[in-house]
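Residues per chain are reported as follows:
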Amino acid sequence: MAILNLKPTHKPVKLYYQSLKKFIQLGAVNEGAVKVAFADLLTACCQQFNWMLVQENSIQLTKKKLIRVDGLLVRDDTLKHGIWEAKDSEDDLAKEVQKKFKQGYPKDNIIFQSPERVIIWQGGKQVYDGEITKPEALVESLKLFFEYRPPQIENWEKAATEFGERVHNLGEKLVELIQSQRKTNKKFIAAFDGFSNIFRQSINPNISDAAVEEMLIQHLLTERIFRQIFDNPDFTRRNIIAVEIEKVINALTSKSFSRNHFLEEVDYFYLALEEAAKTIKDYSEKQHFLNTVYEKFFQGFAVKIADTHGIVYTPQSIVDFMVRSVDEILKKEFKKSLSDKGVHILDPFVGTGNFLMRVMREIRKTALPDKYKDELHCNEVMLLPYYIAAMNIEHEYLEATKQYQPFEGICLVDTFSVQEALQLDLFTPENTQRVQRQQDSEIFVVIGNPPYNMGQVNENDNNKNRKYEEVDRRVAQTYSKDSNAALKNKLSDPYVKAFRWAADRIKDEGIVAFVTNNSFIDAIAFDGMRKHLAQDFDAIYVLDLGGNVRTNPKLSGTTHNVFGIKVGVSINLLIKKKEGKKSQCQIYYGNVDEFWRKEEKYAYLEKCQHLGEVDWQEIKPDKKNTWLTAGLQADFETFIPMGSKETKAAKGEATDTIFKIYGRGVGTCRDVWAYNFNPDELAENIQRTIATYNEQVRKWLDRQDKSLKVDDFVTYDDTKISWSGDLKDHLKRGIIVEYDQNHIRQSLYRPFTKSCLYFDARLNNRRYQFPYIFPTPETEKENRVICVVNEAQIPFSSQITNYIPCLHYGGRQTQCFPFYTYDEDGSNRQENITDWSLDTFRQEYQDSAIAKWDIFYYIYAVLHHPTYREKYADNLKRELPRIPYASDFHGFANAGKRLVEIHINYEQQPEYPLTFIENDEVPLNWRVEKMKLSKDKTQLIYNDFLTLANIPPKVFEYRLGNRSALDWIIDRYQVKVDKRSDIENDPNRLDDEQYIVRLIGQVITVSLETVDIVDNLPSLD
Ligand SMILES: C[S@@+](CC[C@H](N)C(=O)[O-])C[C@H]1O[C@@H](n2cnc3c(N)ncnc32)[C@H](O)[C@@H]1O
């Protein structure tokens, strides 16, 4: 049961009385004025449970009767908890209550309130009537109102919650049962193979056996829920897919195997739920349970699918806002409505069906039968939501028309492969026909919530986004081709495909309404996508709901994000017109306060109702297809680029940039294996993984079944190997890898953190330019590389190195500009600063003595200049640095030279004299496990034995990204054991046990001098 945590001394209660007092002082005592104070109090209470107070809400009592209540409390997004009615002091509250009941107000949980008094009715009876001038009484009445649950709902809720908690075990249990049958039961084995083949052919050719097992479980789980809980025993006979799967399951039945016997072990999970369900009459309560099953089943049990398919329920206020907005656009732009004949509507990612159900509610009842029959469409690729959506939509129709009609607009199909799939048989002839019918329909509105995910983080998870021929080709030809970004892998996110697919699907005219990840609005990789959206559509409305926890770490996903996730979200409405086209797409941007709680964001959408009420601001994209241009400085474009893709690729004389080539740090894709502080440990780990890899190559070459896919073939033993796409490709080509001691090299893994790296073409995913920058250890003595991190998520930073840096050297993707380049054997040294830039600098400063090293040092100092970093912060998030001419060239060059010296030779700097506080009770010990700063940051707890005191506060001013140099040391120099591989990485040096303590003193010295140099840099003008 929900307990309201409210005491008379709590802030919301105090604020309520203070506001009332103010209103009285101002003479504002009418209902409209004083009810604001009570609404705030209710809202504060709602926040404890993630409920929402929807003010001025209309409730349909009967077909003809609509009432408008002052407030409706909504729990779990759609369920009504209670009603609030406000009156002012002048009213006789008891009389007002009777008046309302005469009008038919419900008596199940309703609170009538005036500033002095509260009356509460629950379950048809008055349960409270008292004064609330004292906070104790106010709190008592609120607790009564909030904590109320009708007895049947309470039982049901308990059972449903328990089911949600147990769904994981339930799924596991079913897996065990299926797997044991697959070993022993011949009939089952044959039927299972047949079932898998149907799935592979119809839904996804790459589907694994485990995924087929999951589908079977989805069927068994939902079938039973529908049969028992929803009292819909006909579902499996009526639903065209369920009929087929039932056949398979029935075929499994034999003397030794019956469904009831099969499910016996999990019976007890269901019983409580089924008992409770008998007392529930309200469909929305049960429907809410289905939504829970939908999310919980995937998130708790089939986590990989939840990830790649974006299984998440769309909050009702978002669905309402989008459906109303589409209707509004249809009226304004096309003189049509959702009810009109010919307006075909498709949700390509239907989930539980909530978009289509909402659309049906918007359609005139007289128009509904025809629309339902011919013009509403949806797709789903997973069985469980497919069933749920079918049942929900059919129920919605039954409610509206009092007739049961199967919904023929739903297809079990992968939206992105409809065309390819149509050439095959799509599960059942009827499903194939439906897909064909949808394909032949002129879709006017595409609406929904496409899946979005960042893609697989670890190849060992074997959980890649599926590749699609047609839509992938379209993305490559358009969004990707026209992008200037260096890194385009974000374009493989399914929500990007969804935009591409939908823009193509609506043909000449129509509307696309998607709620998606909001990163396409501003992130660099999406410049080509923005360009094409503006080309493909005539008007675009983007309502940014914020919530990106990575770019704004002060946010919490659960509190501020409308989906409770970490990725930002936007509602996007795109309009394509055949007639009355404007020459340029009109783009409108609206946003909400990022720091609003998600309930406030929902309430805002409720308040707006549709796009017409949003405060839009028109966007004028710049030449680079940037939409949000505020903060970008135009003069940045006039500075000389450090590097460009064109110059890097150009043959012959390099012009227009300072450096000829540049590239990212080394990306191994298996850092735990390819890096280690300890070279012996590294050698051992890498040899173990090479042996595993080579063994896998041999097995692959010897395999009997040539149709096997590498993904399903290799071992995913995390303690032996960590795969990458590249390594699998090497395996496919039968490449054997040999261990080479000389490949163990010194690397700078993070700022001031040296680590050993196994630098190898096969075992590093990408080495980029580093075979030509530091081909041999000798080159480390003379070559220098300026590294920069210019990413949206963290502040700009720059650091020099003379060792191979990691891809994330500065905490995020790092771009590296070397002074020299070489051939792979270390010969043929070339200067990488272009002659063109030498001439340009000499001319600008009228100084023929300027040398390339001077320019290199000049740049390093400019990149540290506070004004440069502050003024151009937004530019530096979007593109590689450009270098302005400051008037005092040599002032900068000299400062830069010293910065380079101390940053390269940090281990030779004097140690800052810290005070050593020793613990007498512990023996001398230099070993670090994990260091920690004191709260005031003046002391560093090095270990049990030693604390380093008197750290000067200025040290923390030298920052690299989102950490100071000292913070980097504390973060990196700790003993870590990787959970997956069990590999230990220990920074302590046996041959030099005081290395870390010395390093701390040295980095403090470096930091202090850096801050001094930076503070005294000449002006940038
Ligand atoms: C974000 S959810 C939709 C949520 C839905 N609006 C709701 O609130 O229930 C996305 C749904 O699309 C389905 N899906 C993902 N990829 C798909 C594809 N390529 N074709 C069809 N359905 C897909 C997923 O299984 C999932 O149920």
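Residues numbered from 1 in each chain as written. Predicted model: local features only at pLDDT ≥ 70, side-chain atom pairs only at ≥ 80, totals over all residues. Heavy atoms only, no water.

Some thoughts on the overall build of the chain
Condition: Going along the chain from the N terminus, every DSSP run of H or I of four or more residues is numbered as a helix, and every run of E of two or more is numbered as a strand. Using C-alpha atoms as the atom set, the radius of gyration is obtained and then compared with a globule rule of 2.2 Å times the number of residues to the power 0.38. Should any heavy atoms of two residues lie within 4.5 Å, those residues are considered in contact. Each accessible area value is a Shrake-Rupley result obtained with a 1.4 Å probe; residue values ignore everything except the protein chains displayed when judging cover.
For the chain, the count of helices and strands is 38 helices and 35 strands. In summary, the chain has a C-alpha radius of gyration of 33 Å against a globular reference of 31 Å for 1021 residues, a match within 12%. On the principal axes, the C-alpha backbone points of the chain span a range of 95 × 85 × 75 Å. Sequence separation of at least 24 residues holds for 71% of the intrachain contacts in the chain that already meet a minimum separation of 6. Total accessible area computed for the chain in this model is approximately 44,900 Å², and 48% of it derives from carbon and sulfur atoms.

Here's the deal with the site of the ligand
What counts, and what does not: Any residue with a heavy atom positioned within 4 Å of a molecule or strand is treated as near that molecule or strand. Polar contact is the term for a pair of N or O atoms within 3.5 Å; when the atoms are in protein, one must be able to donate a hydrogen and the other to accept it, and sequence-neighboring residues count only if both atoms are side-chain atoms. All residues other than Ala, Val, Leu, Ile, Met, Phe, Trp, Tyr, Cys, Pro, Asp, Glu, Lys and Arg, Gly among them, are scored as polar; the first ten of these are nonpolar and the last four charged.
Within the structure, the ligand sits among 25 residues, and Y294, T314, T352, E380 and D414 are positioned closest to it. Interatomic distance of 2.8 Å between a side-chain N/O atom of D414 and a nitrogen atom of the ligand. T415 places a main-chain nitrogen or oxygen 2.9 Å from a nitrogen atom of the ligand. Relative to its unbound accessible surface of 600 Å², the ligand loses 98% to contact with the protein. In the shell around the ligand, the residues fall into 15 nonpolar, 8 polar and 2 charged.

Overview of the sheet that holds strand 21 (residues 785–789)
Two orientations exist for strands paired in a sheet by backbone hydrogen bonds: parallel and antiparallel. Our working rule: Only strands joined by at least two bridges in the DSSP assignment are considered to pair.
Pairing is antiparallel across the open sheet formed by 4 strands, whose spatial order is 17-24-21-22. The sheet is open, and its two borders are formed by strand 17 (663–664) and strand 22 (797–801), each paired with just one other strand. As paired strands, strand 17 and strand 24 (residues 815–818) are joined by 2 bridges and run antiparallel to one another. Bridge pairing links G663 to C816 in strand 24.

Examining the packing of aromatic side chains
The criterion, for reference: Stacked, tilted and edge-to-face are the three classes assigned to paired rings of Phe, Tyr and Trp, where Trp is represented by its six-membered ring and a pair needs centres within 6.5 Å; plane angles under 30 degrees give stacked, over 60 edge-to-face, the rest tilted. A 1.4 Å probe rolled over the protein chains alone gives each residue an accessible area, and that area as a share of the maximum for its type sets the label: buried under 20%, exposed over 50%, partly exposed in between. Only lysine NZ and arginine CZ atoms are considered, and such an atom sits over a ring when it is within 6 Å of the ring centre and within 35 degrees of the ring normal.
One pass over the full model with this rule turns up 60 aromatic pairs. Seen from their ring centres, Y845 and Y885 are 5.9 Å apart, and the 85 degrees between their planes marks the pair as edge-to-face. Taken as a pair, Y845 in helix 32 (residues 835–845) and Y885 in the loop between strand 27 (882–883) and helix 36 (889–904) lie far apart in primary sequence, 40 residues in all. On the accessibility criterion, Y885 (27% relative accessible area) is partly exposed. Residues Y858 and F892 carry aromatic rings whose centres are separated by 5.6 Å and whose planes lie at 65 degrees to one another, so their mutual orientation is edge-to-face. Of this pair, Y858 sits in helix 33 (residues 852–862) while F892 sits in helix 36, and the two are 34 residues apart along the sequence. In this pair, the class of Y858 matches that of F892, namely buried. In this structure, R703 is placed above the aromatic ring of W700, and the distance from its NZ or CZ to the ring centre is 3.5 Å. In this structure, K937 is placed above the aromatic ring of F956, and the distance from its NZ or CZ to the ring centre is 4.7 Å.

Remarks on the environment of R434
Of note, R434 is situated in helix 19 (residues 429–440). By relative accessible area, which is 9% here, R434 ends up buried. The residues contacting R434, other than those within four sequence positions of it, are I240, Y386, F407, E408, I410 and C411.

A word on the sheet that holds strand 20 (residues 753–758)
Operational definition: Orientation is described by axes fitted as lines to C-alpha atoms, over the contacting stretch for helices, and by angles from 0 to 180 degrees between their N-to-C directions.
The mixed open sheet is built from 4 strands, whose spatial order is 18-20-19-23. Two strands lie at the open edges of the sheet, namely strand 18 (675–676) and strand 23 (804–805), each paired on one side alone. Pairing of strand 19 (residues 744–750) with strand 20 involves 6 bridges; the strand directions are antiparallel. The residue of strand 20 that forms the bridge with L748 is K754. Helix 27 (residues 679–702) contacts strand 18, strand 19 and strand 20 of the sheet and is inclined by roughly 30 degrees relative to strand 20.

Quick word on the nonpolar core
Put simply, the rule reads: By convention a nonpolar core is built from buried Ala, Val, Leu, Ile, Met, Phe, Trp, Tyr and Cys residues, the set being connected through side-chain atoms within 4.5 Å.
If you look at the biggest cluster of nonpolar residues, it comprises 167 residues, and the most contacted ones within it are F163, L221, I225, F298, F520, L533 and I571. The element contributing the most residues to this core is helix 5 (residues 151–184), with 11 residues. Among the nonpolar cores identified, the runner-up in size contains 97 residues, and V785, V788, Y820 and A893 belong to it.

These results come straight from atomic positions and should not be treated as a statement about function.
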